[in-house]
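Residues per chain are reported as follows:
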Amino acid sequence: MFSKETYIKRRSILKETIGSGVLLFIGNDDCGMNYEDNTYPFRQDSTFLYYFGLSYPRLTAIINIDDDKEIIFGDELTMDEIVWMGIQPSLKEKSEKTGIYSTLPYNSIHDYLSKATDKGQKTHYLPPYRAEHEIKLMNWFGIKPSRQTASIPFIQGVVNQRIYKSKEEIVEIEKACDITAEMHLAAIRSVRVGMKEYEIAAALEEVAYASGGRLSFPTIATINGETLHNHFHGNTIKEGDMVLIDAGAETPMGYAGDMSSTIPAGKKFTSRQKEIYDIQVASHTASVEALRPRIPFSDVYDLSAKVICEGLASLGLMKGSAEDAVRAGAHALFYPCGLGHMMGLDVHDMENLGEVWVGYNGKPKSTQFGRKSLRLGRELEAGFVLTIEPGIYFIPQLIDQWRAEKKFTEFIDYDKVEAYKNFGGLRNEEDYLITETGSHRLGKKIPLTTNEVEALR
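Residues numbered from 1 in each chain as written. Predicted model: local features only at pLDDT ≥ 70, side-chain atom pairs only at ≥ 80, totals over all residues. Heavy atoms only, no water.

- In the annotation of an unreviewed UniProt entry, the entry for the protein chain reads Xaa-Pro aminopeptidase, and the organism field reads Dysgonomonas alginatilytica.
- The record held by UniProt for the protein chain lists under Catalytic activity (unreviewed entry) the comment "Release of any N-terminal amino acid, including proline, that is linked to proline, even from a dipeptide or tripeptide."
- Word for word, the UniProt comment on the protein chain under Cofactor (unreviewed entry) is "Mn(2+)". (UniProt positions renumbered as here; feature names shortened; annotations may be inferred.)

Concerning unusual backbone geometry
Now for step 1: In the Ramachandran plot, Arg-294 falls in the positive-phi region, its phi being about 80° despite a non-glycine side chain.
Now for step 2: Residue position: Arg-294 is located in the loop between α10 (271-290) and α11 (297-314).
Now for step 3: For Arg-294, a relative accessible area of 60% gives the class exposed.
Now for step 4: Here Met-350, not a glycine, exhibits a phi torsion of approximately 60°, which is positive.
Now for step 5: Inspection of the secondary structure puts Met-350 in the loop between α12 (322-328) and α13 (355-358). (Helix = DSSP H or I, 4+ residues; strand = E, 2+ residues; numbered from the N terminus. Buried < 20%, exposed > 50% of the residue type's maximum accessible area, 1.4 Å probe, protein only.)

A look at the packing of helix α8 (residues 167-190) against helix α9 (residues 197-210)
Now for step 1: As a packed pair, α8 and α9 sit with axes 8 Å apart at the nearest point and diverge in direction by 150°. Classified by the angle between their axes, α8 and α9 sit roughly antiparallel to one another. Note that α8 runs across α9; the crossing there is right-handed. Residues Ile-179, Glu-182, Met-183, Ala-186, Ala-187 and Ser-190 of α8 form the contact with α9, whose own contacting residues are Ile-200, Ala-203, Leu-204, Val-207 and Ala-208. (Axes fitted to C-alpha atoms, helices over the stretch in contact; angles between N-to-C directions. Parallel < 35°, antiparallel > 145°, perpendicular 65-115°, else oblique. Left-handed = near helix turned anticlockwise from the far one by under 90°. Contact = heavy atoms within 4.5 Å.)

Details of the UniProt feature "domain: Aminopeptidase P N-terminal" (unreviewed entry) in the protein chain
Now for step 1: Following the UniProt record, the feature "domain: Aminopeptidase P N-terminal" (unreviewed entry) maps to residues 2-134 here.
Now for step 2: Here residues 2-134 is 38% helix and 19% strand, with 30 Å between the C-alpha atoms at its ends.

Regarding the packing of α10 against α11
Now for step 1: Relative to each other, α10 and α11 sit at 155°, their axes nearing to 9 Å. In terms of axis orientation, α10 runs roughly antiparallel to α11. When the axes of α10 and α11 are compared, the crossing they make is right-handed. Facing α10, whose interface residues are Ile-276, Ile-279, Ala-282, Ser-283, Ala-286, Ser-287 and Ala-290, α11 presents Val-300, Leu-303, Ser-304, Val-307, Ile-308, Gly-311 and Leu-312.

Structure, rendered in structure tokens:
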């Protein structure tokens, strides 16, 4: 945890922003994998962590702005629970660490909220993203999940606070990024022809746990890089393959790292792999060089796509004006995803609160294929932490569909593209802090160019 003063100040700012009513923070519970006592690793709700710092299951908090009260709801451990899991701080001790001195039993939440409603107070809650949250809201307010409506002012208040990372948060994110970098270095050194993908995943995940952290999201370690989020790890690595790694560490305080690497199965990339890889690196480098306050991230995305189109045109795969191709959406045959996303207490920071608020400051997103997957489009500001991860992917089914539809034939040479249908896909990813004058890479540097990767092979 940070100091209790940090959490007191965060709550004070939020109360001033919202102004009135009752703010409800639903903490997470343990969840059974296949029976009740065999649980998934516990992860506290990130907004609860941000304002209260307590990583324990079955806690919920209320900030009653009108009555100037802050309350933690929870229960003390029973003797059976102590026998099972050992002693923990009391609820009072937990709450005092975050600067809260009022506690109530967990089952009293319903009565408290009912009385607040009877007094005419408005209760604000955030979008539920777990079934347990929906059930609790239904029990407390009698509202069916399909009719549960989160508070827009509460969402905006949280987003507009969490989006700017403080110095102490940056220290934690740097820790996560340093561990993440070591995970990727382990993977780059480990890949060998004949290995299984799960052996690579095991090697890099060991680094996360040995460093006192854990994974910030399920590891991607695949020879089928054209599948953007491929979590299958059962393939055997063959000569001529590339292994795409997308993996990150999370610190004990919940802050995330997120990086990607693409590794040749052999000692070196093939000439064809190097040609495509170098285009991706050019796009990545141009994007990083463009990062600064007040530039819309959508403009950086357009730049990244333009560089990819120009590179593919040099190989004969695309043609015509790169700017026109990007405007029309032709680039999305090879680049059907976004350029990056916010990162912090969530690897996709605050995604449960809605991309329209986090990534677009309330403005609508594009519906164009490829561009609609851009999670972040708003004007950048100092204190934002985000990823840069352009990629180039050859997806056979998408190529076949677009060719059959004669889509963007003025920009795409499908005869040339046909020869690349078995190429796969690649990306590299780094994490950046937007500063007052530009940007700062977070974490230890991982290899980016083909020469840098091959030097570790």
